[in-house]
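Below are the chains, spelled out letter by letter.
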Amino acid sequence: MNTRVIHTPEGVRDIYGSECREKRRLMAAIRDVFERYGCEEIETPAIEYFDVFSSDIGTTASRELFKFFDRDGNTLVLRPDFTPSVARAVSMHMPEEAMPVRLSYEGSTFRNNAEYQYQGRLKEATQMGVEFIGDGSAEADAEVIALTCEMLLASGLKEFQVSVGEVDFFKALVEGTGLTDESVEEIRKLISNKNFFGVEELLDGEDLDPTTKAALIRLPQLFGGGEVLDEAAAFSDQGRTDAAIARLRRINELLAARGLDKYVSYDFGLLSKYRYYTGIIFSAFTYGVGEPVAKGGRYDNLLGNFGRDYPAVGMGLYLDQLMNALSRQGIRQG
Amino acid sequence: MRPITIALTKGRLAKKTLDLFERVGITADGTKVEDSRKLIFKNEELGLQFFLAKGPDVPTYVYYGAADIGIVGRDTIMEERLKLYEVLDLGYGKCRMCVCGPESARKYLESGDQIRVATKYPNIAKDYFLNRKHQTVEIIKLNGSIELAPIVGLSEVIVDIVETGATLRENGLDVLEEVCPLSARMVVNQVSMKMENERISEIIRLLKAELAREAAEKAAARR
């Protein structure tokens, strides 16, 4: 006997009725913000070659990718996020003269994660986002953060925090310490979990310069308003960490000038497992969901993987998470 | 003011934690009543509330933001693998995660043969054998009385928490390898840490200062 299948596979779902209407309204409101910031829309295919998301580029763990083969035996994947796809498309279609460009995208992303049972982590999730390509300035960083704030305000959220960090600060600190890649990865994990006593334990046996050691132990607690920039400066004894702090100061000024600084805080312990980030990195948090609703950062070397040397900064919004947050905070669209 | 909610692991850990909070001047109504049936204890003045939950549920409450702060053993944090901030080692509830079995099972751990491992902590056991020992194992998840498994022949060894080792010895088992040390930890929801930074940081600072003071006192007494 044939059983008729009417339910969806695990980790994906139907969206219909008022939820679907709300989602569309929300997407339209966010699209307006993207347009106001001068973004051109771009569409990339949901299917890409595996290499676009390979571990050299450092986005999603290979086992979390949906993989399959084409007729010639090439490995294909369903995109797990947009940034590498957009970087690839820009490298293919946009010459030097076209730079800088501001692009926006929207669509489904796919992750074959085992944690589908946790809130909001579906296997197919809608992402909207922007990529500012060909502009390496702090002004571009500040623009993307400002856009993130305005996008969240346009969605109806009132209480949220965009937490901004600088991965280069951490990278500069650990470089030249002689720590193995495994230890650096372990420290990165501990710092992003704010586990400073774990960092202390791990560094206990290591022969490190005392300022660097103190800075690494302090890093997980180095977050808050503009004042943490001054505190971080105390741990900075080299050009690269100074440059990272100077950049955040400039961003802070630019955001303050737009009256958005109340939504922004700084966190030197904010690090990403995505290895393509090279400068600022940020996450937007709000009540009602356990994870950030939007994430972004600067990735100046990513386009290099596709043969172009363009600096870039971008932001991706997890629309389903934002919808969860809005409904749990009792905020309705329109 | 939005109350800060703290989830405590039911049992000894909750008692020790409430004692610690009391020592820094944070109390809550009703926590002194033994065997109370109340689920939530409030301190309206400080805008705090506590509730009791089963250990493995504490990280879940905190991850979803139903609690801002959780007090839970490191074993549970490692097993549940949710993205949380682990901000403080409270120093009590000290014990070890160990591979245990009869002395005769030691040879299996050295040979690299495929063996059966019974445990309440399948993620921790899998991580230890696969990633650290590079040994293929079959993990058998049990919910209690793990010591029974090697005795009745369900598994060669077990991975479990060892405090004094008395239960093990009584059943003819020994600690064969140590996986990691454990103690009570304070975990914080990522969003709460950003949105309520000042209030949560103040609680952490108070507890940390008290723990440091007590550690110094103990060290002085020993001298």
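From a predicted model like this one, the values you see are computed outputs, not experimental measurements.

Colleague: Would you mind showing me how to read the overall build of chain B here?
Modeller: The secondary structure content of chain B amounts to nine helices and 11 strands. Overall size of chain B, expressed as C-alpha extent along the three principal axes, is 60 × 45 × 35 Å. Evaluated residue by residue, chain B yields a buried proportion of 40% over its 223 residues. The long-range fraction of contacts in chain B, counting pairs at least 24 apart against all pairs at least 6 apart in sequence, stands at 66%.

Colleague: Explain helix α9 (residues 197-222) of chain B here, please?
Modeller: Within an α-helix, residues lying three or four positions from one another point in the same direction, as the helix has 3.6 residues per turn. All names here are of chain B. Taking 1.5 Å of rise per residue, the 26 residues of α9 would be expected to cover 38 Å, and the 37 Å separating its terminal C-alpha atoms lies within 8% of that figure. All of the buried residues in α9 are I200, I203 and L207. Its buried side turned inward, α9 meets β1 (4-9), α1 (12-23), β4 (69-73), β5 (85-89), β11 (184-188) and α8 (190-195).

Colleague: What is the right way to read helix α6 (residues 196-204) of chain A from this model?
Modeller: Residues and elements named next belong to chain A. Among the residues of α6, F196, G198, V199 and L203 are the ones counted as buried. All buried residues of α6 fall inside an arc of 155° around its axis, so they share one side. In this structure, the buried residues of α6 make contact with α5 (181-192) and α7 (210-218).

Colleague: How should I be thinking about the pairing of β1 of chain B in this particular structure?
Modeller: All names here are of chain B. Among the six residues of β1, six are classified as buried, and the element is accordingly described as predominantly covered. Here β1 shows a buried face lined by I4, I6 and L8 and a second buried face lined by T5, A7 and T9. Pairing analysis gives three bridges linking β1 to β4, with the strands arranged parallel. Paired with I6 across the bridge in β4 is I69.

Colleague: Please explain the interface of chain A and chain B as it appears in this structure.
Modeller: One frequently used descriptor of interface size is the decrease in accessible area upon assembly of the parts. Each partner contributes to the interface: chain A provides 16 residues, whereas chain B provides 14 residues. Sorting the residues of the side of chain A that touches chain B by element identifies β7 (160-166) and β10 (280-286) of chain A as the ones contributing at least two each. The class makeup of the residues in the side of chain A that touches chain B is three nonpolar, 10 polar and three charged.

Colleague: Just to check I follow, could you spell out the sheet that holds strand β7 (residues 115-119) of chain B for this structure?
Modeller: Residues and elements named next belong to chain B. The strand order across the open sheet built from five strands is β8-β7-β9-β6-β10, with neighbouring strands paired in mixed fashion. Both edges of this open sheet fall to β8 (137-141) and β10 (174-182), since each of them pairs with a single strand only. On average, each strand axis in the sheet is tilted by 25° relative to the strand beside it, whichever way the strands run. Both strand β6 (residues 95-101) and strand β9 (residues 157-162) contribute to a ladder of five bridges, which runs antiparallel. Paired with C100 across the two strands is I158, which belongs to β9. The strands that helix α5 (residues 122-132) touches are β6, β7, β8, β9 and β10; relative to β8, the one it contacts most, it runs at about 170°.

Colleague: I keep staring at the domain arrangement of chain B and nothing clicks. Help me out?
Modeller: All names here are of chain B. When its domains are assigned, chain B resolves into domain 1 (4-93 + 183-222) and domain 2 (95-181). Of note, the centres of domain 1 and domain 2, computed from C-alpha atoms alone, are 30 Å apart. Between domain 1 and domain 2, the contact holds six residues from the first and seven residues from the second. Of the residues belonging to the side of domain 1 that touches domain 2, the class tally is one nonpolar, two polar and three charged.

Colleague: What exactly am I supposed to notice about the sheet that holds β4 of chain B here?
Modeller: Sheet strands pair via backbone hydrogen bonds, and the direction of the pair is either parallel or antiparallel. Residue and element names in this part refer to chain B. One open sheet holds the six strands; their spatial order is β2-β3-β1-β4-β11-β5, and the pairing between them is mixed. Of all the strands in the sheet, just β2 (40-43) and β5 have a single pairing partner and so form its edges. The mean inter-strand angle of the sheet, taken between neighbouring strand axes irrespective of direction, is 25°. Across the face of the sheet, α1 comes into contact with β1, β3 (48-53), β4 and β11 while running at roughly 135° to β1. Where α9 meets the sheet, its contacts fall on β1, β4, β5 and β11, and the angle it forms with β5 comes to roughly 25°.

Colleague: Explain the nonpolar core here, please?
Modeller: Soluble globular proteins tend to bury their nonpolar side chains together. By size, the foremost hydrophobic cluster in this structure holds 84 residues, and its most contacted members are I145 and L317 of chain A. Both domains that meet at this core, namely domain 1 (1-157 + 305-334) and domain 2 (160-286) of chain A, each give it at least three residues. Counting 36 residues, the second largest nonpolar core, distinct from the first, contains A7, F41, A53 and L88 of chain B.

Colleague: Just checking my understanding: could you explain unusual backbone geometry for this structure?
Modeller: The phi torsion of most residues other than glycine is negative, and most of the peptide bonds are trans. The amide bond that connects M99 of chain A to the next residue, P100 of chain A, takes the cis arrangement and shows omega of -10°. In this fold, P100 of chain A is placed in the loop between α2 (83-93) and β5 (101-110). For K194 of chain A, which is not a glycine, the phi torsion comes out positive at approximately 60°. Looking at the element boundaries, K194 of chain A is found in the loop between α5 and α6. A positive phi is found at R81 of chain B, a non-glycine position, where the angle reads about 50°.

Colleague: Where do I start with the pairing of β2 of chain B in this structure?
Modeller: On a regular strand, each side chain points to the face opposite its neighbour's, so the side chains alternate between the two faces of the sheet. All names here are of chain B. Pairing between β2 and β3: four bridges, direction antiparallel. Bridge pairing in β3 places I40 opposite F51. Here β2 folds back onto β3, and the loop between the two strands holds four residues, one of which, G47, carries a positive phi near 65°.

Colleague: It is not clear to me how the domain arrangement of chain A should be interpreted in this structure. Could you clarify?
Modeller: Residues and elements named next belong to chain A. Split by domain assignment, chain A resolves into domain 1 (1-157 + 305-334) and domain 2 (160-286). Taking the mean C-alpha position of each, domain 1 and domain 2 sit 26 Å from one another. Listed by partner, the interface residues are 14 residues for domain 1 and 19 residues for domain 2. The element contributing the most residues to the side of domain 1 that touches domain 2 is helix α3 (residues 138-154), with nine residues.

What counts as what
Residues numbered from 1 in each chain as written. Chains lettered and ligands numbered in written order. Predicted model: local features only at pLDDT ≥ 70, side-chain atom pairs only at ≥ 80, totals over all residues. Helix = DSSP H or I, 4+ residues; strand = E, 2+ residues; numbered from the N terminus. Buried ≥ 20, exposed ≤ 12 C-beta atoms within 10 Å, placed from the backbone. Contact = placed C-beta atoms within 7 Å. Expected span 1.5 Å × (residues − 1). Arc of directions from axis to C-beta. Pairing = 2+ DSSP bridges. Nonpolar A, V, L, I, M, F, W, Y, C, P; charged D, E, K, R; others polar. Axes fitted to C-alpha atoms, helices over the stretch in contact; angles between N-to-C directions. Domains from an automatic or database assignment. Core = buried A, V, L, I, M, F, W, Y, C linked by C-beta atoms within 7 Å.

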